[in-house]
Amino acid sequence: MGFQHCSNCKKDITFKTRFKSVFFGYRPIICEECGVEHEVDERYRFVYSLYTVLIPILLVYFSSSVFGITSRFIQVLLVLVFGTFGVMYATSKVKYHKSKHQPIKEGQAKNKSVKKS
Ligand SMILES: [Zn+2]
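Residues numbered from 1 in each chain as written. Predicted model: local features only at pLDDT ≥ 70, side-chain atom pairs only at ≥ 80, totals over all residues.

**A short note on helix H2 (residues 42-67)**
Spacing of three or four residues puts side chains on the same side of an α-helix, whose turn is 3.6 residues.
Part 1: Under the 1.5 Å per step criterion, the end-to-end length of H2 is 37 Å for 26 residues, consistent within 8% with the ideal 38 Å.
Part 2: Residue Leu50 marks the point of greatest curvature in H2, where the axis turns by about 45°.
Part 3: Those residues of H2 that fall on the buried side of the exposure criterion are Tyr48, Tyr51, Thr52, Pro56 and Val60.
Part 4: Following H2 by one or two positions, Gly68 adopts a phi angle in the positive range, close to 65°. (Helix = DSSP H or I, 4+ residues; strand = E, 2+ residues; numbered from the N terminus. Expected span 1.5 Å × (residues − 1). Bend = angle between axes of the 7 residues up to and from the residue. Buried ≥ 20, exposed ≤ 12 C-beta atoms within 10 Å, placed from the backbone.)

**Section: the UniProt feature "transmembrane region" (unreviewed entry) in the protein**
Part 1: According to UniProt, the positions carrying the feature "transmembrane region" (unreviewed entry) are residues 46-67 and 73-91.
Part 2: What you have in residues 46-67 is 100% helix and 0% strand, and the ends, taken at the C-alpha atoms, are 30 Å apart.
Part 3: Along residues 73-91 the backbone is 100% helical and 0% strand, and the end-to-end C-alpha distance reaches 27 Å. (UniProt positions renumbered as here; feature names shortened; annotations may be inferred.)

**Here's the deal with the pairing of strand S2 (residues 37-40)**
Consecutive residues of a regular strand have side chains that alternate between opposite faces of the sheet.
Part 1: Only one face of S2 is buried, namely the one carrying His38 and Val40, since none of Glu37 and Glu39 on the opposite face is buried.
Part 2: Bridge count for strand S1 (residues 29-30) against S2 is 2 bridges, and the pairing is antiparallel. Residue Ile29 lies in a different strand from S2, and its bridge partner there is His38.
Part 3: Here S1 hands over to S2 after 6 residues, with Gly35 in that stretch at a positive phi of 80°.
Part 4: With 3 bridges connecting them, S2 and strand S3 (residues 96-98) associate as antiparallel partners. Note that in S3 the partner of Glu39 across the bridge is His97. (Pairing = 2+ DSSP bridges.)

**Examining the environment of Glu32**
Part 1: Structurally, Glu32 can be placed in the loop between S1 and S2.
Part 2: Its 13 C-beta neighbours within 10 Å are what place Glu32 among the partly exposed residues.
Part 3: Separated by 20 residues in the primary sequence, Glu32 and Asp12 place their C-alpha atoms 9.5 Å from one another.

**With respect to the nonpolar core**
Generally speaking, soluble globular proteins have nonpolar side chains that are buried together.
Part 1: The biggest cluster of nonpolar side chains holds 14 residues, and the ones touching the most others in it are Val22, Tyr48, Ala90, Val94 and Tyr96.
Part 2: Among the elements of the structure, H2 and helix H3 (72-93) are those that each provide at least two residues to this core.
Part 3: Leaving out residues up to four positions away in the same chain, Tyr96 has contacts with Phe3, Ile29, His38, Glu39, Val40 and Asp41. (Core = buried A, V, L, I, M, F, W, Y, C linked by C-beta atoms within 7 Å. Contact = placed C-beta atoms within 7 Å.)

**A few points about helix H1 (residues 15-23)**
Part 1: What H1 keeps buried is the set Arg18, Ser21 and Val22. For H1, the angular spread of buried residues about the axis comes to 95°, placing them on one side. (Arc of directions from axis to C-beta.)

**Points about the sheet that holds S2**
Part 1: Read from one edge of the open sheet, 3 strands run S1-S2-S3, paired in antiparallel fashion. Single-partner strands in this sheet number two, and they are S1 and S3.

**With respect to the packing of H2 against H3**
Part 1: The geometry of H2 relative to H3 is characterised by a closest axis approach of 8 Å and an angle of 145° between their N-to-C directions. In this structure, H2 crosses over H3, and the sense of that crossing is right-handed. Across the interface between the two elements, Tyr48, Tyr51, Thr52, Ile55, Pro56, Ile57, Leu59, Val60 and Ser64 from H2 touch Gln75, Leu78, Val79, Phe82, Gly83, Gly86, Val87, Tyr89 and Ala90 from H3.
Part 2: Its residues placed into classes, the contact of H2 with H3 shows 13 nonpolar, 5 polar and no charged. (Axes fitted to C-alpha atoms, helices over the stretch in contact; angles between N-to-C directions. Left-handed = near helix turned anticlockwise from the far one by under 90°. Nonpolar A, V, L, I, M, F, W, Y, C, P; charged D, E, K, R; others polar.)

This is how it looks when you write it as structure tokens:
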């Protein structure tokens, strides 16, 4: 199963949120409830890239020769269609873990501003 709940507070992470993360190059997801940041597991990034980029291009490359599609417009359209399915598939499979570097909390920010150079 993919990533569906915040690892900190167990709040549901919606499909839409995950989809946007994958679509925009695996952006970190910040939990709406507790603010904990999650990042895509590095080990899987390459695998997901296959689904979202390489496989759609290969599929179009082969189907173009099989069905004799020569229109560049239709080929680009097909890559987008397959790519969308690829992103959706990757979204359901993608794994996240708690980021090592969490967004700066208020207390830490205050300490920083006190310091003089
Ligand atoms: Zn949370």
